[in-house]
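Coordinate analysis (summary)
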There are 2 protein chains.
Amino acid sequence: MKSDSISKPLPLSEKLRRGNLLAADCPSREVLKHMTSRWGVLVLLALETGTFRFAALRRAVGGVSERMLAQTLRQLEQDGLVLRVAHDVVPPHVEYSLTALGREAATQVRHLADWIEVNLPRIQENWRASGN
Amino acid sequence: MKSDSISKPLPLSEKLRRGNLLAADCPSREVLKHMTSRWGVLVLLALETGTFRFAALRRAVGGVSERMLAQTLRQLEQDGLVLRVAHDVVPPHVEYSLTALGREAATQVRHLADWIEVNLPRIQENWRASGN
DNA sequence: CTCCATACTTACATATTTGTGCGTACTTAC
DNA sequence: GTAAGTACGCACAAATATGTAAGTATGGAG
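Residues numbered from 1 in each chain as written. Chains lettered and ligands numbered in written order. Predicted model: local features only at pLDDT ≥ 70, side-chain atom pairs only at ≥ 80, totals over all residues. Heavy atoms only, no water.

**Side note on the pattern of salt bridges**
All names here are of chain A. Tallied over the entire structure, the rule returns eight salt bridges over all chains. With a closest N to O distance of 2.7 Å, E48 and R110 form a salt bridge. Of this pair, E48 sits in the loop between helix 3 (38-47) and strand 1 (52-53) while R110 sits in helix 6 (residues 100-129); the two residues are 62 residues apart in sequence, bridging distant segments of the chain. Here E48 falls in the partly exposed class, since its relative accessible area comes to 27%. One network of salt bridges, in which partners are shared, links E48, R110 and D114. (Salt bridge = Lys/Arg side-chain N within 4 Å of Asp/Glu carboxyl O. Helix = DSSP H or I, 4+ residues; strand = E, 2+ residues; numbered from the N terminus. Buried < 20%, exposed > 50% of the residue type's maximum accessible area, 1.4 Å probe, protein only.)

Okay, structure coming up:
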């Protein structure tokens, strides 16, 4: 009785589709961490609406600190989702936007976000039902 | 010059679609936190493939500790995404599965996960390009 | 001449998350 | 009789995430 419904020999196609995110050492988990981090999601959503300068982005994403915004942007940049363009002028001027890859990623994240916002009422019913 | 590209008066339809996840006090952020938490994502993915008992689920999701799995399941249950059925027998027997709401949520999460797994190579190129 | 704005970085403090090990109340296998 | 499996809850410790305040180089406003 050790074969739980996950360990049956999946066909190759399935193996590819599902990858191995469920495996502890899958490198995808790192990307998942960046994209689903507290601020990663919000930054992706914000940048989907256009190009922003650092301070403007900070104002757009309610609640981020400078430190966290900078760190989040660095991660997403390293993953190739965010493009950073620095104009070498005296008062610094840097612009952030999504790369093609980033736009794809943002699309997925937005679908998730949309689902949550649309279904929030249904979820809140459960909150009340289980005594907050 | 305070109107950054986010604050232009959106039409009502847009306002509803986008909600206010970008606002610091939006209640959706709580749900987002549960669903995109380190183990929340993985549990949703695992449960999408069937019903599991606690220990089996723990084996399916590589790397979770008992404590975290229990906590994650409790959150998702309160949000109404996970159904917990406890059979009152002597060696405890509890079964976890997704509710209708949970299946919808899991679908979104899976799309995100699939995208990541499929595009991991493209992302890894950027890792190399930016020194690690 | 002083203050603000820009886009960050760094040091330090705190908050939140996560893990570890133990306990439970029994049953089945050895 | 002893060990293992079940589904957790709890206390404590360690790890990680996040916030705060200050600093940088420079130009423009007042």
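**As for the pairing of strand 2 (residues 82-87) of chain A**
As paired strands, strand 2 of chain A and strand 3 (residues 93-98) of chain A are joined by six bridges and run antiparallel to one another. Within strand 3 of chain A, the residue paired with V85 of chain A across the bridge is E95 of chain A. (Pairing = 2+ DSSP bridges.)

**A short note on the interface of chain A and chain B**
If you look at the interface, chain A gives 58 residues, while chain B gives 57 residues. In total, about 5300 Å² of surface goes out of reach between chain A and chain B, with carbon and sulfur atoms giving 62% of it. If you sort the residues of chain A by the area they bury against chain B, L22, W115 and E117 of chain A come out on top, with a joint share of 12%. Counting every contact that joins chain A to chain B gives two salt bridges. Where E104 of chain A meets R122 of chain B, a salt bridge forms, and the shortest distance between an N and an O atom there is 3.3 Å. Where chain A meets chain B, there are twelve residue pairs in polar contact (both at pLDDT 80 or more). Within the side of chain A that touches chain B, the residues separate by chemical class into 28 nonpolar, 18 polar and twelve charged. (Contact = heavy atoms within 4.5 Å. Buried area = accessible area lost by both parts, 1.4 Å probe. Polar contact = N/O pair within 3.5 Å; in protein donor to acceptor, adjacent residues only side chain to side chain. Nonpolar A, V, L, I, M, F, W, Y, C, P; charged D, E, K, R; others polar.)

Limitation: the analysis is restricted to geometry and does not speak to function.
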